Amino acid sequence: MSAPLLLDLFCCQGGASRGYADAGFDVIGVDIDPQSRYPYPFLQMDAIRALDLLLDGLPLEFSSGRTIVFSDIAAYHASPPCQSFLNLGKVNQALGRDYDYPNLIGPIRALLKETNRPYVIENVQDAADHLYFPVRVCGTGLGRPLRRHRMFESNIALEGVACAHSRFKEPKYWTGWRPNGQHRLSTVVQVYGNAGGQHEWPEAMGIDWMDRHGFVEAIPPAYTEHIGKQLITHLAAVPA
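Quick caveat, the model's predicted, so the values are computed rather than measured.

1. Digging into the packing of aromatic side chains
Inference 1: In this structure the tally under the stated criterion is five aromatic pairs.
Inference 2: When the ring of tyrosine 38 is compared with that of tyrosine 40, the centres are 5.8 Å apart and the planes differ by 75 degrees; the resulting orientation is edge-to-face. For the pair shown, tyrosine 38 and tyrosine 40 are each scored as buried.
Inference 3: Judged by centre distance (6.3 Å) and plane angle (50 degrees), the rings of tryptophan 174 and tyrosine 192 are tilted. Of the two residues, tryptophan 174 sits in the loop between β9 (150–154) and α5 (201–205) while tyrosine 192 sits in the loop between β9 and α5, which places them 18 residues apart along the sequence.
Inference 4: Using a relative accessible area of 39% as the deciding quantity, one classes tyrosine 192 as partly exposed.
Inference 5: Through pairs of rings, three or more aromatic residues link up here, namely Tyr38, Tyr40 and Phe42.

2. Overview of the pattern of salt bridges
Inference 1: Under the counting rule described, the total for this entry stands at five salt bridges.
Inference 2: Close ionic contact of arginine 37 with aspartate 211 constitutes a salt bridge, the shortest N to O distance being 3.7 Å. Within this pair, whereas arginine 37 is found in the loop between β2 (26–31) and β3 (42–44), its partner aspartate 211 is found in the loop between α5 and α6 (212–217), the two being separated by 174 residues in sequence.
Inference 3: Its salt-bridge partner being glutamate 153, residue arginine 109 comes within 2.7 Å of it at the nearest N-O pair. Taken as a pair, arginine 109 in helix α4 (residues 105–115) and glutamate 153 in strand β9 lie far apart in primary sequence, 44 residues in all.
Inference 4: Its relative accessible area of 7% is what places arginine 109 among the buried residues.

3. A few points about the nonpolar core
As a rule of thumb, nonpolar side chains are buried together in soluble globular proteins.
Inference 1: Within the largest apolar cluster, 34 residues are counted, with the highest numbers of intra-cluster contacts made by Tyr20, Phe152 and Leu231.
Inference 2: If you list the elements that add at least two residues to this core, you get α1 (15–23), β8 (135–137), α5 and α7 (221–237).
Inference 3: Excluding residues within four positions of it along the chain, phenylalanine 152 makes contact with His77, Val120, Ile121, Glu122, Pro134, Val135, Val137, Leu158, Ile219, Tyr223, Thr224 and Ile227.
Inference 4: Judged by nonpolar contacts, the second largest core, of 30 residues, contains Leu43, Ile48, Ile108 and Tyr119.

About the cut-offs
Every chain begins its residue count from 1, and numbering advances along the sequence as written. Totals for whole chains, interfaces and linings use every residue, but because this is a predicted model, local features are given only for residues with pLDDT of at least 70 and side-chain atom pairs only at 80 or more, for both listing and counting. As a rule here, side-chain values come from all non-hydrogen atoms in the structure, and water together with hydrogens is ignored. The criterion for an aromatic pair is that two Phe, Tyr or Trp rings (for Trp, the six-membered ring) have centres within 6.5 Å, with stacked assigned to planes under 30 degrees apart, edge-to-face to planes over 60 apart and tilted to the rest. Exposed residues in this analysis have more than 50% of their type's maximum accessible area, buried residues have under 20%, and partly exposed residues fall in between, with area computed by a 1.4 Å probe over protein chains only. A helix here means a DSSP run of H or I that spans at least four residues, while a strand means a run of E at least two residues long, and both kinds are numbered starting from the N terminus. Put simply, a salt bridge is a Lys or Arg side-chain nitrogen that is within 4 Å of an Asp or Glu carboxyl oxygen. Side-chain atoms within 4.5 Å are what join buried Ala, Val, Leu, Ile, Met, Phe, Trp, Tyr and Cys residues into a set we call a nonpolar core. Residue contacts are counted whenever heavy atoms from the two residues lie within 4.5 Å of one another.

Next comes the structure, spelled out in C-alpha cells:
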C-alpha cells in the first residue's frame, strides 16, 4: 500500500516536511519563494493560489515532473508566516525594523476546511489566540535541548507534547544574555537571527541540510513526526 500524500503549504526548507515523511507520509511542498534545499518534490507558488487551483479541479506540477490533483492528497499541513505574531516589538523598534507580514491563518483555514481532509495549521506560541484549540509541542518534551514552542491546530483531535524544561539543567549553550555585562550560558540551544552557537543547531534541531535562514524559520522534524503519526493513525481508522 502506498504512503498517503501530504501537501506542505508554506514549506520553506522542509523541516515540517521531513517530520511528516518520517511519520510515514509521501510529502510534497509549496512555497512562494524558491527553495533549492527543499528535499522533496517542490512547487514555487503562492500557497493560497495553489490550494485554490486544486479546489477548482486543476492539477499542480512539481519540480520532479510529478503532477498532483486534488483527489491525490490525503492530508495538509500549513505554516503561514509567523512574523506578524512575534513578540519582538521593542527589539524591532530599536533596530529600525518594520515588518509588514499579513495574517494568513484565517484565509488558509477557510480553504483547508473546503478540502474535507485532515489538516494541520502550525504557528508560533504568540499566534495561539488566532488558532482554534491548538496543542503545543515543546522540544524539551521530545528530549531535545530546545524551548521552541510551536502551536498546532487541526480538524482532528491531536495530543501535544508537554514541556520538560527541567530535563536540561546544565548551562552550556551560547546565549546573548549579558546581565550587568556578564556572559551567561543557556541550558537550551538558541536558534534565531545571527545568534552564536550555530554549530549546535543541526544536532539540536535534527536538521543537516538547511542554511542559516532555513534553521531560523524551521520546525524541528521531531515535532511534525509526532503530529504526523497521529494523522496517519486517523487516516488508517477513517474510510477514504
